[in-house]
Structures are given as C-alpha cells and as structure tokens.
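Remarks on the overall topology
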Amino acid sequence: METPRLPRIGDYLDHFAEVQSDTVLVKQGPTAVTYREGRERVDRLAAALLAHGLRHGDRVAVYGHPDSDALLVFLACARVGAIFTGLAPKQQVDELAYICTQAEPRFLFVVGAIVAEQLEKIAALGSRLDREGKIGTVETIHCGADAPPGCLSLEQFEAEATDPEQLAAAAAAVEALDPAAVVFTSGSSGAPKAALLVHGPMMRSYSVQAEHWYGRRPVGVADLPINHLGFVADNCMTLMVAGGTINVLERWTPEGVLELLEAERFTFWWTQTTMLLLATRSPRWARTDFGSLERIAFGGAPVNPSMLEALAATGASLSSGYGMTEVHGNITYTDNDAPAEALLHTVGRPHHEFEVRIVDEEGEPCPAGTVGEIVARTDTLFGGYRDRAGAVDPGRDEEGWYHTKDTAFEREDGNFVLVGRKDHMFKSGGFNVYPREVERVLESHPDVSIAVVVDVPDPTWARVGHAYVVPEPDRDLAAEDLDQFARERLANYKVPKRLHLREELPMLISGKVDSRALQRESEALVEG
Ligand code: AMP
C-alpha cells in the first residue's frame, strides 16, 4: 500500500493530523497523544523555541531514555529547521562532552524522570563545557514533573509570548534537504562522526520500508537509545511515515518489550538482532501472545538458526535487510516470502527503487560470487558528516556513490551475502582474513549462538584472530571441539588462534557487540 511521499517531516505530522486525527501517534505508560494533539504540542513547543531565540539550523540536545517528549522535541525542531541531537544516560561525561562540543546545542532538554546521578552528570557536563568555553549559555529545560534547580520546566519555557506568524514563517522556510538531526555513528569501528540526517531523504527511505513491510497504520515500539539513528528515526519516523502508533519503552528488558507487545497488540516489530536474541531467550517468550504480530524485521547483525526457529514459531512473517545511518535505513531487503536459508545467510537484494552494487577496487561492478565493496546511490542519502566549523563532507565519490566499506558478494539468486568490513580485514602471514567469514563458520556450529573475531599482533604471522564465542544456552560446548570444527572448514590462517567461551559479550548502547572492547582485551592478553 502506498504511503504519502512528502518533502518534510512536519508534513507527515500535518497530513495524519488531518486525515486520521484521533489515531494515537505516541503512547507511553497510560499517556497517549493523538496525531491532532501531537501537532498542537509540537507547534506550541516550536513557537516557544523561536520565542527563546532559536534560529534555523541551531542544534537542540535532548538527554534521557527513550521518551515521548524526546519525540515531540524532535518534531518541534523539525518544524522550524532546528537540528536535534540525542544524549543517552548510559554515555559517560567525556562522551557527552565530545558530542556537545561537536554539535554546539543552544538548548538542552532533559526528558523523563531524572535521578540524582544523572543530575550530577548534567551538571558536570555543563561545567565542563563552560570551562572549555566550547559553547555559550545553554538553556536547560526539564520536560518531566518537578524541574530541578537550574532547569526551566516545560511550562515555564512555553510561557514565553509566542507569535503564530513567526512560527508559520519559520515552518515555511524548512526545506526537504535541511538536516533534522545529527547523530554520532555507533563507533563499533573508528571514532564517532557527526552524521546529518535529512528531512526528505529520511522520510523517503522510510516510506519505501513502509510499503515493503507494513503498509498503513502499523503499531510498533520505540525502545532504542535516543543518541543514534535508532529512536527518532528507525523507531519513530518509520512508524509515523505510515500514520502508525509508537509505543515508547523507556528501559528495554526482554520481558518489558514482550509485555508491551502483547498489551498494545503490536502489528510490526523491528529490532536489532542482538536484542531480539535476548528476547527469544527470555522465559517470557513462551508465554507471549504474538497473535497481533504481522511481521518481525531485524538487522544490524546476523541471525542464528535456533533464534530463527523461535521467531518463525510466532507465526509472523520474518524479514531482514541491510543498511546504515548514512542512508537512513535499509538499502537491501529480503523477499517477503524469503525461506529460512535466505534469512540466515543473506541480507536480501537491493530494493528496486535504489541503485546498489558491489564493486572492485577500481569501482567496476563485480560478477556474482566475487567479493567487493557495497556502494549505494540513492535519494535516501544523508547530508554528510559535519565538523565543528560547520563544514560538511558528503561522504560520496564524484559520481555520487556512497562507499559503505562493507564487503559482500552477490549470489546467483541476486541476494547479497555480507562478508565483513573493508577496513576490518587483516593479513595473517600475508593472507587476507575477513573476520565475518570466520564468525559465520563458527556460528554455523549448532551449539554456538554468537561469535566475534578480533585480530591481534603476532610475532610470526603479523596478525592473528581471536574469537569470542557465546554458546547456545545449556549446551556443553568445548573450545577444542569448536577449534576442530573451524579447522575442518577454514584455511589454517583463518582459524582463530584463541577461542574464548563467554556467557555474554560487552554491548554498545546501540545494541551491537562492542568489538573494540574485545579487541582491547585481546591485545592486552597478548601484550601481557
Ligand atoms: P549503523 O549505521 O550503526 O546502523 O551501522 C551500519 C552497519 O551495520 C553497516 O555498515 C554494516 O556493517 C552493519 N549491518 C547493517 N545491517 C546488517 C545486517 N543485516 N547484518 C549484519 N551487519 C549489518
């Protein structure tokens, strides 16, 4: 079913506030806000931001757990051309300070209930920024009840006289290619970069997704942290683009998401693979009524067979895809009737509305079966990386291709198989090793749930792999057996020199495994 194709984020809010005004836009606990109420609240807040001196292109930071107020602030920013940036309580003061010195926000909104420890963090952040003189005075507004000292309450903030004409003029000046948010890429490899998410391309990406996966009025969840693409974009805009209902879950737990799914009768559930894996392992899984669920979609990391079995037993259609912040979501999708084999081994095929190909070092398309880099040229591309001086690097080559640095090959059936990261290939004894290829072999062992391979210096081979492996629950996996299994399937230089069996792995707040932490651990081991 077609979703409207509109140029700006605010146009979707206006559209659904007209055509389905009483549909719930966002629900958190007992509080539900309809599209009509949402538009009113967004306009009130947007007008207050202008009254407090906000100008087109200014940044607005929001600190907190996933929260309906974070969504409303994001929409208010979008309404008047300001740029949202999220800060998550799990981030440390250093990380928050890095983001603020890059983004230079004029306002800081604090959403949800805040505990003393967080207040200290916000205060430490404020004094750090003042001391370093990186940004001017930042007005702090608390959206929940009982604003702490030094913060305005939302009511006080909105009490400033507002001017409807000023709001109308600011809203009219917003363009489809204006940035709506700045997110700092997840940092599973390399230093975080400030990626600009853009109105039109973002909503374009999500309308393609909506048409492929769920059509109109999906009911789903927003549970990803607010500091990356996850919450405002992947969770909220994917549902809003189709007039859907967003159920906010402040603190993700496997049980919490399953309870909400059942109570609110989700029709669509998109989540990071690693979070889905934890949910399938929860004792609550077997007691959950999945009757309302039409589709489960996952991405960000590969699935394993036992997890796929649990997902299939819900009766929902299963889908996955491949994408990234820089293209506002997916560029490949599995077929809607994809067999388990394709869900397990591939990330589907390029969506027919996008140009996506696999190329060699010279930029020439690779034949099927040959590994190369995935490049994409789509009208869903982000606005580039922004540096502190405000300069923007579009991150594309002269022909407009965005180079993903992900390596893959195309199968004869057109599906793409991810191999690894171009910059995450290491040479062992002169041979190229792609960690993902090794992980895939380890994960094909029936007792293995997740495998992560990192590389460390070696006096003989230059670099060698170390593997961190999480066994399937209640399985008696011996490292020697797994080593033998790998030796039977991989060239000797690819076989990890050490296998660490772990009950769990360190995670990034984006829901992905923190492979850099494992890398550091392994390096410390070989150095020690
Ligand atoms: P992010 O921008 O944080 O969403 O990360 C994007 C990266 O996640 C991509 O460049 C891939 O390396 C990885 N990725 C995305 N989709 C998948 C998938 N379905 N399976 C495995 N890795 C994926």
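What comes next is a walk through the structure. All values reported here derive from a predicted model rather than from experimental measurement. (Residues numbered from 1 in each chain as written. Predicted model: local features only at pLDDT ≥ 70, side-chain atom pairs only at ≥ 80, totals over all residues. Heavy atoms only, no water.)

A word on helix α16 (residues 515-527). With 13 residues, α16 extends 18 Å between its outermost C-alpha atoms, agreeing within 8% with the 18 Å of an ideal straight helix rising 1.5 Å per residue. In this structure, the buried side of α16 is in contact with β25 (448-458), β26 (462-471) and β27 (498-501). (Helix = DSSP H or I, 4+ residues; strand = E, 2+ residues; numbered from the N terminus. Expected span 1.5 Å × (residues − 1). Contact = heavy atoms within 4.5 Å.)

Counting residues in each nonpolar core, the largest one holds 89 residues, and the members touching the most others are I9, F74, L75, F109, M237 and M240. Per element, the largest residue contribution to this core is ten residues, and it comes from helix α3 (residues 68-80). If sequence neighbours within four positions are ignored, F74 has contacts with I9, F84, A180, A181, M202, V232 and M237. In terms of nonpolar packing, the next biggest core, distinct from the first, is built from 36 residues, L276, L277, W285 and V470 among them. (Core = buried A, V, L, I, M, F, W, Y, C linked by side-chain atoms within 4.5 Å. Buried < 20%, exposed > 50% of the residue type's maximum accessible area, 1.4 Å probe, protein only.)

This part is about the sheet that holds strand β1 (residues 24-28). Strand order in the open sheet formed by four strands is β2-β1-β11-β10, and the pairing between neighbours is mixed. Pairing within the sheet leaves two strands with one partner each, and these edge strands are β2 (31-34) and β10 (219-222). The average angle at which neighbouring strand axes cross in this sheet is 20°, direction not considered. By the bridge criterion, four bridges tie β10 to strand β11 (residues 245-248) in an arrangement that is parallel. Directly across from G220, in β11, lies its bridge partner I246. This element, helix α2 (residues 35-51), spans β1 and β2 of the sheet and lies at about 85° to β2. (Pairing = 2+ DSSP bridges. Axes fitted to C-alpha atoms, helices over the stretch in contact; angles between N-to-C directions.)

Another point: the sheet that holds strand β12 (residues 268-272). For sheets, the rule is that strands pair by backbone hydrogen bonds, running either parallel or antiparallel. Sheet architecture is open: five strands sit in the order β12-β13-β14-β15-β16, paired in mixed fashion. Unpaired on one side and paired on the other, β12 and β16 (349-350) mark the two borders of the sheet. Where strand β15 (residues 329-333) and β16 come together, two bridges link them in antiparallel fashion. Looking at the pairing, T332 lines up with P350 of β16.

Every one of the 15 residues lining the ligand counts as a neighbour, but G321, G323, T325, D406 and K512 are closest to it. Between an oxygen atom of the ligand and a side-chain N or O atom of D406, the distance comes to 2.5 Å. Protein chains shield 80% of the accessible area of the ligand, which is 510 Å² for the free molecule. Considering each element in turn, the shell around the ligand owes the most residues, four residues, to strand β14 (residues 317-324). Taken together, the residues of the shell around the ligand break down into six nonpolar, six polar and three charged. (Near = heavy atom within 4 Å. Polar contact = N/O pair within 3.5 Å; in protein donor to acceptor, adjacent residues only side chain to side chain. Areas by Shrake-Rupley, 256 points an atom, 1.4 Å probe, with all protein chains shown as cover. Nonpolar A, V, L, I, M, F, W, Y, C, P; charged D, E, K, R; others polar.)

By the definition in use, this model includes 31 salt bridges. Where K27 meets E264, a salt bridge forms, and the shortest distance between an N and an O atom there is 2.9 Å. Pair noted here: K27 is in strand β1 and E264 is in helix α10 (residues 254-264), with a separation of 237 residues, a long-range link. The partner of R106 in a salt bridge is D58, with the nearest N and O atoms 3.3 Å apart. Of the two residues, R106 sits in strand β5 (residues 105-110) while D58 sits in the loop between α2 and β3 (59-63), which places them 48 residues apart along the sequence. Given a relative accessible area of 30%, R106 falls into the partly exposed group. Each member of the salt-bridge network shares a partner with another, and the members are R5, R204, E211, E353 and D379. (Salt bridge = Lys/Arg side-chain N within 4 Å of Asp/Glu carboxyl O.)

Following the sequence through the fold, N415 ends up in the loop between β21 (402-410) and β22 (416-421). What N415 contacts, discounting residues up to four positions off in sequence, is A342, T346, G348, R349, F409 and E410.

The subject of this paragraph is the environment of A113. Looking at where A113 falls in the secondary structure, it is placed in the loop between β5 and α5 (116-132). With 46 residues separating them along the chain, A113 and D67 place their C-alpha atoms 10.0 Å apart.

The geometry of helix α1 (residues 9-19) relative to α3 is characterised by a closest axis approach of 8 Å and an angle of 110° between their N-to-C directions. Relative to α3, the element α1 lies roughly perpendicular. In contact with I9, G10, L13 and D14 of α1, α3 contributes F74, L75, A78 and R79. Grouping the amino acids of the contact of α1 with α3 by side-chain chemistry returns five nonpolar, one polar and two charged. (Parallel < 35°, antiparallel > 145°, perpendicular 65-115°, else oblique.)

Next up on the list: the packing of aromatic side chains. Applying the stated criterion across every chain, the model contains twelve aromatic pairs. Geometrically, the ring pair formed by F382 and Y385 is edge-to-face, given 4.9 Å between the ring centres and 70° between the ring planes. Using a relative accessible area of 2% as the deciding quantity, one classes F382 as buried. Relative accessible area serves as the criterion here: at 10%, Y385 is assigned to the buried category. (Phe/Tyr/Trp six-rings, centres within 6.5 Å; stacked < 30°, edge-to-face > 60°.)

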